[in-house]
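Each chain is listed here by its residues.
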Amino acid sequence: MSNKDNFGSGFIIGTIVGGLVGGVVGSLVASKSQQSKDSDNLNQKKTSYSSLEDEFAMENARLSLEEKINQLNHAIDEVKFGLMSKQEKEKEEN
């Protein structure tokens, strides 16, 4: 009979200790998992901010390029009109 009494109390103590150890381990794992998720979310935000910065830089480069193209077209038009005027003057002289 004494074996049955020891078994019962040992089972109850084991259940309590196992529950406590399981709770602590579960809390640690959940904490690490949450930190990992927070880190992933932060990396995603950094990536999205980086993506926005890249888009902003590309837009600025595009606008700058358009301005340079407009300046080049204007210079070409000036040279073209200058050459046309020169040809017209030469025709008048002849």
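The model shown is predicted, which means the values in this text are computed figures rather than measured ones.

Caption draft 1: Seen up close, the pattern of salt bridges. Going through the model one piece at a time under the given rule, you end up with 2 salt bridges. Salt-bridge contacts for Arg62 lead to Glu59; the nearest nitrogen and oxygen are separated by 2.4 Å. Taken together, the residues Arg62 and Glu59, both in helix H1 (residues 2–93) and 3 residues apart, mark about one turn of the helix. Using a relative accessible area of 38% as the deciding quantity, one classes Arg62 as partly exposed. Arg62 serves as the salt-bridge partner of Glu66, at 2.4 Å between the closest nitrogen and oxygen. Note that Glu66 and Arg62 are positioned in helix H1 at a spacing of 4 residues, about one turn of the helix. Among the residues examined, Glu66 registers a relative accessible area of 38% and is labelled partly exposed. What emerges from the salt-bridge pattern is a single network uniting Glu59, Arg62 and Glu66.

Caption draft 2: Region of the structure containing a negative patch on the surface. Taken together, the side chains of Glu88, Glu90, Glu92 and Glu93 present a region of like negative charge at the surface. Within the secondary structure, Glu92 is located in helix H1. Overall, the relative accessible area of 67% leaves Glu92 in the exposed class.

How each quantity is defined
Residues numbered from 1 in each chain as written. Predicted model: local features only at pLDDT ≥ 70, side-chain atom pairs only at ≥ 80, totals over all residues. Heavy atoms only, no water. Salt bridge = Lys/Arg side-chain N within 4 Å of Asp/Glu carboxyl O. Helix = DSSP H or I, 4+ residues; strand = E, 2+ residues; numbered from the N terminus. Buried < 20%, exposed > 50% of the residue type's maximum accessible area, 1.4 Å probe, protein only. Patch = residues over 30% accessible without salt bridge, like charges linked within 9 Å, V, L, I, M, F, W, Y side chains within 5 Å. Areas by Shrake-Rupley, 256 points an atom, 1.4 Å probe, with all protein chains shown as cover. Lys, Arg positive; Asp, Glu negative; His and termini not counted. Charge placed at Lys NZ, Arg CZ, Asp CG, Glu CD.

So far we have only geometry, and geometry alone does not tell us how the molecule works.
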